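Working through the structure, step by step
Here are the chains, one letter per residue:
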Amino acid sequence: MCCLCWVATGYVSAIALPITGRVTSTKQEPVPGVSIIVKGTTQGTVTDAEGRYSLTVPDGQAVLVFSFIGYETLEQPVNGRSVLDVTLKESQQELNEVVVVGYGTQKKVNVTGAVATVNGDELIKRPITNPTAMLQGTMPGVQIVQGRGEPGNEGVSVRIRGTGTFSGAGSDPLVLIDGVQGNLSDLNPNNIENVSVLKDAASASIYGARAANGVILVTTKKGSDGKLNVQYSGNYGINKATKLFDLITNSAEYMELYNEARINSGLTSGLYSQQQIDEYRNATDRRLYPNTDWLGLLFRTAPTHMHDLTFSGGRGGTHYNASIGYVNQKGIMRGFDYEKYNARLNLSSEINSRIKFGANLALKSGKTESPVFGSEDMFLSAMSQAPTYAPQLADGSGHFTYKAYDFEYNNKNPMALLAGRINRDKLDYSANTQGWFEVNLAKGLTWYAKGAVNADFYKTKSFKPPLQLYNFRTNEFMATLDLGGGLEVNDEQNIYTNLFSYLDYAHTFGDSHDFKLQVGYSTERNTFQYLNGTRRNFPTDILQELDAGSPSIQYANGSQYQWAIRSFFGRLNYNFKERYLLEANMRYDGTSRLSSASRWGIFPSFSAGWRLSEEDFVKNMNLNWLTNAKVRGSWGQLGNQNIGNYPYQAILSFTGNYSFDDSNLSSGVAQTNLSNANIKWETTTIADVGLDLTLFKGLNVTADWYRKTTSDILRSSQVTGVVGLGAPTINNGTLQNTGMELAISYNHLVSNGALAGLNYTIGGNLEHYKNKLVKFGQREIDGYRIREEGREYNTYYMLEMVGIFQSTEEINAAPKQYNDATVPGDIRYRDANGDGKINDDDRVVMSGNYPGLNYAFNLSANWKGFDFSTLFQGVNNIRFFVDNWGTVPFVQGSPPTVDWRNRWTPENPSTTMPRIYWGWGAPDRIRRASSYFLQDASYLRLKNLTFGYTIPQTVLKKMGMNNLRVYFSGDNLLTFTKYPGLDPERGGSGSFVQYPQNKVFSFGLNIKL
């Protein structure tokens, strides 16, 4: 809708024509920031603070397209006019917004399931290399954790509404790219149009046995009518570690602490002499007596650059979008690098008004370089070096060091590994192809079909030549570093095919009753195979091919497995005047992973919605501040088919060579595990109640309560070793997650005053859920965890530290701790059961294995060409159990952190740091699993901060561009936490040492031609 007034009519001209005008709202207020484009081109401008604009069009027949957030898009032909004033009407965009759902789309206001969406343009505000990590903090109920900052191996985990099962089926969601299973991390982020996350059974059950952990739907960009559009995006970033350990690297101090720790541990040999300590303390030549900071040598500031070039357009019913992308990321830990190329072509065409067809092609090539044993091994190897020696001898020979003194302990010299190219190079290629067609068979009846093939290929080469290592003090040969030697080559390929087809029928009875029916069929097949070969004794390190190694020591192995699933699915939608909404879904799946007697399963769901805002009694209340109000509820069941390939069969395994004729050896096989042909699907049942509100023409609120219960969990039976065979797989166990989600956002355009034209958005989301093991069987204790009915799965279970003993009198008055020879400075544990002694019976349950709250909030704004956005993300009430390097001093000789300067000594009776002990030789009384090692990992992080500026059109015209934006972006800039380790955002409990997260400072530009 618009009101149109024009002045100075003229004839339609065939030459360039200058146009001026003013854009106002229905309230006759100016609308600044309106985008005005000449249709079919990229030529355009924007209105100023008074709503005025000026533009030169190619001729008098041009059509202008006026668009702005919160208003309906308007097209107006010039018809030779030189002045064109328009009035834009406030849009009902929120009400008409369409979201992607399983096998189709729906109007957002009519969705009755729990569906969260995010636009691709929002994601790429964070210029990072992994698209999966871009989802972090954007939607409630979707927990994204980037475990580390390693290039090409970030360890990103995705959980939708918590951990769904404790079986080998896992809790990873199903990811579909343009409707076909794919890897989100492989994508070029600039190709993403939007992402929808299906969180409840009502929205996900159309995918049945694949959807128990939720579904992520990714839609890639398509072309549209108009001339060729060319866009380039480039970014250059500088990466550094968010945090590194602060170790004691003064050699003399290290040596004294080393002696103190060994003596405290009852180890009286292998000590530094006072003369040796004094030589380092009083040294004048640090080449001979260094204070080596091994972490400072291993870590660096590293660059990353990313580029994307996109071509899009279309005419005559044919549309295209083609792009190429490139990523080059150097690791902040030396030796770790990643390079990736992407290419994509999306093509569609209309044969006529009834038939459409198209194809999508995506190619990817990646190369990952890393030391052969990975980043954690590299890190702990650097941690395990004494500062008393440098990586290479001081004589200038270039020889690498083993240690300075025979009695020192250490791990592999990391700088020697880097120089010796003891590397693992991984190449991965993928080719994902899709072909589809859509036929309008009759009024309201459409047939759609798609076929896809995804081919993934991986090749890994690991080369481990021996290295000679020398004594730093004497320069004499000391040892050969032999890590297994030789070359190992591994080839893998995975071929996935999918064919699905469905019929859609839509019909409206009268003006009030809308029906939609969908029925479809899908078949999937997957084949994986690998081949591995190894040879040793290579004549030179240059020839890194298997044929160059000696055949006297060689190994080869390989295998293959397949699975397939066939499915029938359907959906029925009904709405009455978009007021009362009903939906039913059903999927019938059969999988090769279960026996023929139980391989078929039905997964139904039902949902309903009530849009109160469409009721006459609400409309009659004239609540102008209320745009939309909807309550919805759903129930449904989902399955999980990621349960291994042959769990129901009696598998025979090769168990060694045997002589069956007393003269020759033959391979023998035997059944090593009991089988169970009666296993069936794991089933996840989800109930959800939600509320959607749109208030004050800009405030959106979404709230959900859910209960997610997984039953008949596939697990190993709890049997004793007396059986003689491994336990069979059975259906036994129930796990439940109950939670609440809230998302709020507000968008506003300042239309007058000094800040006229300022458009800003503020929003946030949070989620809280509780995990409960409803049915499990016999209690299991595994290290510092317990699995017991009624508690969280894998609850922390350990001794509780209540202080540090300060005197012998305090020790004598306290309960006896095991059979320890407890001394002042040792950790004191709580007598939990009050029996007057401390033993394993005093272990207690401790919270923190699952976060108490996941939350995020954001702010973005743009004004007069400037744009700004920020994202904060956090986790509350979560703890990690971390040990070994970095927590216990001198593990493999590793230097203590500077915290140990505050250790307990008779002169410094600390109440927070115990007496220092020596690594793995420390007594059990300091190394037992206790709350001493359970660290608070709650945090609030400034995840991203971006400032940008778009060059004015008046300048761009002279440059021959339609748009040019430059920006600065920072990632992981600030972190507020009590966590004492590297970074609180990590993959879970375990070793204190991990590849650090990256703090990124980057600069970029976006160009449109």
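In this text, all values refer to a predicted model and were calculated from it rather than measured experimentally.

What the chain contains, in helices and strands, is 13 helices and 57 strands. By the compact-globule yardstick of 30 Å for 1009 residues, the chain fits well, its C-alpha radius of gyration being 33 Å. Seen through its C-alpha atoms, the chain measures out along the principal axes to roughly 100 × 70 × 70 Å. Long-range contacts, defined here as pairs at least 24 residues apart, represent 69% of the contacts in the chain between residues at least 6 apart. Accessible surface computed for the chain: about 44,100 Å², of which carbon and sulfur atoms make up 54%. Where the 94 positive side-chain charges of the chain centre and where its 93 negative ones centre are 4 Å apart.

Attention now goes to the sheet that holds strand β49 (residues 844-846). With respect to topology, 4 strands assemble into an open sheet ordered β42-β43-β44-β49, the strand pairing being antiparallel. The open sheet terminates on both sides in strands that have one partner only, identified here as β42 (780-782) and β49. Between one strand and the next, the sheet's axes are offset by a mean angle of 40 degrees, whatever the strand orientation. With 2 bridges joining them, strand β43 (residues 785-787) and strand β44 (residues 795-798) adopt antiparallel strand pairing. What sits directly across from Ile786, in β44, is Thr795.

On to the nonpolar core, then. Counting 83 residues, the largest nonpolar core has Phe245, Leu295, Met333, Phe379, Met383 and Phe890 as the members making the most contacts within it. Take this core: its biggest share by element is 6 residues, from helix α5 (residues 251-264). Residues contacting Met333, with those up to four places away along its chain left out, are Leu298, Phe299, Arg300, Ser375, Met378, Phe379 and Tyr995. If you look at the next biggest cluster of nonpolar residues, it comprises 34 residues, including Ala204, Leu217, Leu638 and Ile643.

Together, Leu441, Trp447, Leu503, Tyr505, Phe509, Phe515, Leu517, Val519 and Leu572 make up an exposed nonpolar region whose accessible area comes to about 760 Å². For the nonpolar patch, the secondary structure elements donating two or more residues are β28 (487-509) and β29 (513-536). Structurally, Phe515 is set in strand β29.

Next up on the list: empty space enclosed by the protein. Empty pockets left among the atoms are what a rolling probe the size of a water molecule brings to light. Counting across every chain of the model gives 10 cavities of 30 Å³ or more. Approximately 240 Å³ is the volume found for the largest cavity. Forming the walls of the largest cavity are 24 residues, and the residues nearest its centre are Ile128, Thr129, Gln329, Asn998 and Val1000. Secondary-structure elements contributing two or more residues to the lining of the largest cavity are β18 (226-241), β19 (302-315), β55 (963-977) and β57 (998-1008). The biggest single contributor to the lining of the largest cavity is β18, with 4 residues. Per-class residue counts for the lining of the largest cavity are 6 nonpolar, 13 polar and 5 charged. Of the voids in this model, the second largest cavity is the one considered here, and its volume is about 100 Å³. If you go around the second largest cavity, you meet 14 residues; those closest to its centre are Asp186, Leu187, Asn342, Arg344 and Ala362. Looking at the lining of the second largest cavity, the elements that each hand over two or more residues are β21 (337-350), β22 (355-371) and β24 (423-442). Here the lining of the second largest cavity is built from residues that sort into 5 nonpolar, 6 polar and 3 charged.

When its volume is computed, the second largest pocket comes out at roughly 1,700 Å³. Here the lining of the second largest pocket is built from residues that sort into 14 nonpolar, 23 polar and 13 charged.

All buried positions along helix α6 (residues 274-281) are accounted for by Gln276, Ile277 and Tyr280. Mapping the buried residues of α6 onto a view down its axis gives an arc of 100 degrees, with all of them on the same face. Packed against the buried residues of α6 are α5.

Let us now look at α5. Compared with the 20 Å implied by 1.5 Å per residue over 14 residues, the 20 Å span of α5 between its first and last C-alpha is a close match. Taken as a whole, α5 has its buried residues at Ser251, Ala252, Tyr254, Met255, Leu257, Tyr258, Asn259, Ala261 and Arg262. Where α5 is buried, its residues touch α6. Looking at where α5 begins, the residue whose side-chain oxygen comes 3.2 Å from the main-chain nitrogen of Ala252 is Asn250. At the exit of α5 stands Gly266, carrying a positive phi of roughly 80 degrees.

Here we take up the pairing of strand β7 (residues 74-77). Only one face of β7 is covered, namely the face carrying Leu74 and Gln76; the face carrying Glu75 and Pro77 is uncovered. Judged from the 4 bridges that link them, strand β6 (residues 63-67) and β7 form a sheet pairing that is antiparallel. What sits directly across from Leu64, in β7, is Gln76.

Across the sheet, 4 strands lie side by side as β4-β3-β6-β7; this open sheet has antiparallel pairing. The open sheet has two edge strands, β4 (44-46) and β7, and neither has a second partner. Strand-to-strand twist of the sheet, defined as the mean angle between neighbouring strand axes without regard to direction, takes the value 20 degrees.

All right, on to the packing of α5 against α6 then. How two helices sit against one another is set out by the angle between their axes and by the gap between those axes. Viewed as axis vectors pointing N to C, α5 and α6 meet at an angle of 155 degrees, and their least axial separation amounts to 8 Å. By the criterion of interaxial angle, the relationship of α5 to α6 is roughly antiparallel. Contacts between α5 and α6 pair Ser251, Ala252, Met255, Glu256 and Asn259 from the former with Gln276, Ile277, Tyr280 and Arg281 from the latter. Tallied by class, the residues present in the contact of α5 with α6 amount to 4 nonpolar, 3 polar and 2 charged.

So, about unusual backbone geometry. You will see that Tyr818, though not glycine, has its phi angle at about 50 degrees, which is positive. Classification of Tyr818 by relative accessible area gives buried; the value is 18%. If you check the backbone angles, Asn972 has positive phi at about 55 degrees while not being a glycine. By the element assignment, Asn972 lies in strand β55. Relative accessible area serves as the criterion here: at 5%, Asn972 is assigned to the buried category.

Now for the side chain of Thr132. Within the secondary structure layout, Thr132 lies in helix α3 (residues 131-134). With relative accessibility at 7%, the residue Thr132 sits in the buried group. Within the structure, the side chain of Thr132 is placed 3.0 Å from the side chain of Ser185, a separation counted as a polar contact. If we skip the residues at most four places from it in the chain, Thr132 touches Ile144, Val156, Val158, Leu184 and Ser185.

Bringing the domain arrangement of the chain into the picture now. The extent of an interface is frequently quoted as the accessible surface area lost upon association of the parts. Along its sequence, the chain is carved into domain 1 (17-88) and domain 2 (98-224). Taking the mean C-alpha position of each, domain 1 and domain 2 sit 37 Å from one another.

What follows is about the environment of Met586. With respect to the helices and strands, Met586 occurs in strand β31 (residues 580-591). Along the sequence, Met586 and Asn557 sit 29 residues apart, while their C-alpha atoms lie 43 Å from each other. Excluding residues that lie within four positions of it along the chain, Met586 makes contacts with Phe568, Phe569, Gly570, Ile602, Phe603 and Pro604.

Quick notes on the rules
- Residues numbered from 1 in each chain as written.
- Predicted model: local features only at pLDDT ≥ 70, side-chain atom pairs only at ≥ 80, totals over all residues.
- Heavy atoms only, no water.
- Helix = DSSP H or I, 4+ residues; strand = E, 2+ residues; numbered from the N terminus.
- Rg over C-alpha atoms; globule rule 2.2 N^0.38 Å.
- Contact = heavy atoms within 4.5 Å.
- Areas by Shrake-Rupley, 256 points an atom, 1.4 Å probe, with all protein chains shown as cover.
- Lys, Arg positive; Asp, Glu negative; His and termini not counted.
- Charge placed at Lys NZ, Arg CZ, Asp CG, Glu CD.
- Pairing = 2+ DSSP bridges.
- Axes fitted to C-alpha atoms, helices over the stretch in contact; angles between N-to-C directions.
- Core = buried A, V, L, I, M, F, W, Y, C linked by side-chain atoms within 4.5 Å.
- Buried < 20%, exposed > 50% of the residue type's maximum accessible area, 1.4 Å probe, protein only.
- Patch = residues over 30% accessible without salt bridge, like charges linked within 9 Å, V, L, I, M, F, W, Y side chains within 5 Å.
- Salt bridge = Lys/Arg side-chain N within 4 Å of Asp/Glu carboxyl O.
- 1 Å grid on protein atoms, 1.4 Å probe; cavity = no way out; pocket = protein on both sides within 12 Å on 5 of 7 lines; lining within 4 Å.
- Points joined across faces, edges and corners; volume = space filled by probe spheres on them.
- Nonpolar A, V, L, I, M, F, W, Y, C, P; charged D, E, K, R; others polar.
- Arc of directions from axis to C-beta.
- Expected span 1.5 Å × (residues − 1).
- Polar contact = N/O pair within 3.5 Å; in protein donor to acceptor, adjacent residues only side chain to side chain.
- Parallel < 35°, antiparallel > 145°, perpendicular 65-115°, else oblique.
- Domains from an automatic or database assignment.

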